[in-house]
Amino acid sequence: MMREKKIERIYHAIVHGTPTPASGTIDAPIGKDRHHRGKYRVSDSGVRAITHYDTLQPGSELSLVRLSLETGRTHQIRVHMSAKGYPLAGDVMYGGDDKLIRRQALHGESLRFRHPLSGEHIQVDVPWPEDMLRLRQKYSHAPLFLPI
């Protein structure tokens, strides 16, 4: 089902800055970074990668973004958001600052698909992890994040 692109994957990320435009599609190939083992980058010789994003709540320091993947490349969200100039909070490998959170502020929110036998629409939602909730709450005094 993944190869046939029949599973919708929805993520939420807290990124540095305010993405402009507020929503869009990043269609940029991703390949291995020749200079840093384990790191990837946007590269003309890479494999096609497509990420759709919507800024749910912009902020001057951090913004909440919903992302969905049309392809599934290694580090795709991290690479695409960093290349666009909005690295994930906590993602030091791709330009984020880890002072507010000690890991990438990325959460796999839900999977949506049709059951292969019954055809029933299935949606699996996962609650936010505590560290991302704390980060979201820390900035909620300013009109930064909408409730999800």
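As a convention, each chain's residues are numbered from 1 in the sequence order in which they are written. Confidence filtering applies because this is a predicted model: local features only for residues at pLDDT of at least 70, side-chain atom pairs given and counted only at 80 or more, and all residues used for totals across whole chains, interfaces and linings. The side-chain numbers reported here are obtained from all heavy atoms of the structure, hydrogens and water having been left aside.

### Some points on the packing of aromatic side chains
- Centres within 6.5 Å make a pair out of two Phe, Tyr or Trp rings, where for Trp the six-membered ring is used; the pair is then stacked when the planes are under 30 degrees apart, edge-to-face when over 60, and tilted otherwise. Following the criterion strictly, the structure yields 0 aromatic pairs and no others.
- Any Lys NZ or Arg CZ that is within 6 Å of a ring centre and within 35 degrees of that ring's normal is treated as a charge sitting over the ring. Above the plane of the ring of Trp128 lies Arg136, whose end atom (NZ or CZ) is 4.5 Å from the centre.

### Quick look at helix α1 (residues 76-84)
- Every buried residue belonging to α1 is among Gln76, Ile77, Arg78, Val79, His80 and Met81, and all of these are buried.
- At the C-terminal side of α1, Gly85 shows a positive phi close to 100°. When a residue's accessible area, from a 1.4 Å probe over protein chains only, is under 20% of the maximum for its type it is buried; when over 50% it is exposed; and in between it is partly exposed. For helices the rule is a DSSP run of H or I covering at least 4 residues; for strands it is a run of E covering at least 2, with both sets numbered from the N terminus onward.

### Thoughts on a nonpolar patch on the surface
- Patches draw on residues past 30% relative accessible area with no salt bridge. Two like charges within 9 Å are joined, as are two nonpolar side chains (Val, Leu, Ile, Met, Phe, Trp, Tyr) within 5 Å. Here, Shrake-Rupley sampling with a 1.4 Å probe gives the accessible areas, and only protein chains in the shown set may cover a residue. Take a side-chain nitrogen of Lys or Arg and a carboxyl oxygen of Asp or Glu: if they are within 4 Å of each other, that pair is a salt bridge. On the surface, a cluster of nonpolar side chains totalling about 210 Å² of accessible area is made up of Leu111, Val124 and Val126.
- On the secondary structure map, Leu111 appears in strand β7 (residues 106-114).

### What to know about the nonpolar core
- Nonpolar cores were defined as sets of buried Ala, Val, Leu, Ile, Met, Phe, Trp, Tyr and Cys residues, with membership established by side-chain atoms within 4.5 Å. Formed by Ala13, Val15, Ile26, Ala28, Tyr53, Val65, Leu67, Leu69, Ile77, Met81, Tyr86 and Leu88, the largest nonpolar core amounts to 12 residues.
- Contributing elements (two or more residues each) for this core: β1 (8-16), β6 (62-69) and α1.
- Sort the elements by how many residues they give to this core and β6 lands first, with 3 residues.
- Core analysis: the second largest hydrophobic core is formed by 9 residues, Ile14, Ile101, Trp128 and Leu135 among them.

### Quick look at the sheet that holds strand β8 (residues 121-125)
- A pair of strands counts as paired when DSSP detects no fewer than two bridges linking them. Read from one edge of the open sheet, 6 strands run β2-β5-β6-β1-β7-β8, paired in antiparallel fashion. The sheet is open, and its two borders are formed by β2 (23-27) and β8, each paired with just one other strand. Averaged over neighbouring strand pairs, the angle between their axes works out to 20° when direction is ignored.
- As paired strands, β7 and β8 are joined by 5 bridges and run antiparallel to one another. Across the sheet, residue Arg112 finds its bridge partner in β8, namely Gln123.
- Each of β1, β2, β5 (50-57), β6 and β7 touches α1; the most contacted strand, β5, lies at about 70° to it.
- Across the sheet, helix α2 (residues 130-138) lies against β1, β6 and β7, angled at about 50° from β1, the strand it touches most. Geometry is summarised by axes, namely lines fitted to C-alpha atoms with helices restricted to the contacting stretch, and by angles between N-to-C directions that run from 0 to 180 degrees. By definition, residues are in contact when any of their heavy atoms lie within 4.5 Å.

### What about the pairing of β6?
- Among the 8 residues in β6, 7 count as buried, and that is most of the element.
- As judged from the 7 bridges shared by β1 and β6, these two strands associate in the antiparallel manner. Residue pairing in the sheet places His12 in a bridge with Arg66 of β6.
- Looking at chain direction, β5 and β6 are connected through 6 bridges and run antiparallel. Note that in β6 the partner of Asp54 across the bridge is Arg66.
- In textbook terms, the turn of a hairpin is the stretch between consecutive antiparallel strands, and for β5 and β6 this stretch comprises 4 residues.

### Observations regarding the confidence of the model for the protein chain
- Note on scores: pLDDT gives the predictor's confidence for each residue, bounded by 0 and 100. Predicted confidence across the protein chain gives a mean pLDDT of 91, with 90% of residues reaching 70 or more.
- Low pLDDT (under 50) marks residues 142-148, which in the prediction has 22 contacts with non-local residues, meaning those over four places away or in another chain.

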